[in-house]
Amino acid sequence: LAGAPDEVLLTPNEVHALYGWAPVTLRLWHRQGRGPRQTRVEGRPRYRLGDLRAWISGSTGTAAA
């Protein structure tokens, strides 16, 4: 996904496959206001690839709904 655009939306399972963070960990971080930014599509959590990249690089603050 190195060349993928930042707008790509990933499911928690896809994030797990790419980065190794379990979906339960992503949920916990979101509830604690930490971790990468989460958005919802039809009520289901999704993670923008650009937000994941920014969070990993440390250029973004805490998670937002």
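Worth saying up front: this structure is predicted, and the values here are computed from it rather than measured. Along every chain, residues carry numbers that run from 1 in the direction the sequence is written. The model is predicted, so local features are restricted to residues of pLDDT at least 70 and side-chain atom pairs to those at 80 or more, both for listing and for counting; the totals for chains, interfaces and linings are taken over all residues. The basis for the side-chain values is all heavy atoms of the structure; hydrogens and waters are excluded.

Caption draft 1: Examining the sheet that holds strand β2 (residues 39-41) more closely. By definition, two strands form a pair when at least two bridges between them are found by DSSP. The way it works is that DSSP assigns letters per residue, a run of H or I at least four long becomes a helix, a run of E at least two long becomes a strand, and they are numbered from the N terminus. Spatially, 3 strands are ordered β1-β3-β2 in an open sheet, and the strand pairing comes out antiparallel. On the outer flanks of this sheet lie β1 (9-10) and β2, each paired with one strand and no other. Judged from the 3 bridges that link them, β2 and strand β3 (residues 44-48) form a sheet pairing that is antiparallel. By the bridge assignment, T39 is partnered in β3 with R46. Set on the sheet, helix α3 (residues 49-57) makes contact with β1 and β3; between it and β3 the angle comes to about 65°. Any two residues whose heavy atoms approach within 4.5 Å at even a single point are treated as in contact. Here an axis means a line fitted to C-alpha atoms, over the contact stretch when the element is a helix, while the angle between two N-to-C directions is reported on a 0 to 180 degree scale.

Caption draft 2: Spatial organisation of the nonpolar core. Within the largest apolar cluster, 9 residues are counted, these being A4, L10, V15, W21, L26, W29, Y47, L49 and L52. Sorting the residues of this core by element identifies α2 (23-31) and α3 as the ones contributing at least two each. Dropping the residues within four chain positions of it, W21 is found in contact with V15, H16, L26, W29, P36, L52, W55 and I56. What is meant by a nonpolar core is a set of buried Ala, Val, Leu, Ile, Met, Phe, Trp, Tyr and Cys residues, joined one to another through side-chain atoms within 4.5 Å. Think of it in three bands: residues with accessible area under 20% of the maximum for their type are buried, residues over 50% are exposed, and the middle band is partly exposed, with areas taken using a 1.4 Å probe on protein chains only.

Caption draft 3: Spatial organisation of the packing of aromatic side chains. Any Phe, Tyr or Trp ring, taking Trp's six-membered ring, that has another such ring centre within 6.5 Å forms a pair; planes under 30 degrees apart are called stacked, those over 60 apart edge-to-face, and the others tilted. Inspection of the entire model under this criterion finds 4 aromatic pairs. Pairing W21 with W29 gives two aromatic rings, centres 5.6 Å apart and planes at 65°, and the pair type is edge-to-face. For the pair formed by W21 and W29, the shared burial category is buried. Between W21 and W55, the aromatic rings sit 5.4 Å apart at their centres with planes inclined by 85°, giving edge-to-face as the arrangement. Note that W21 is positioned in the loop between α1 (12-19) and α2 and W55 in helix α3, a separation of 34 residues in sequence. On the basis of relative accessible area, W55 is assigned to the partly exposed category, the value being 24%. Each member of the aromatic cluster is reached from another via a ring pair, and the members are Y19, W21, W29 and W55.

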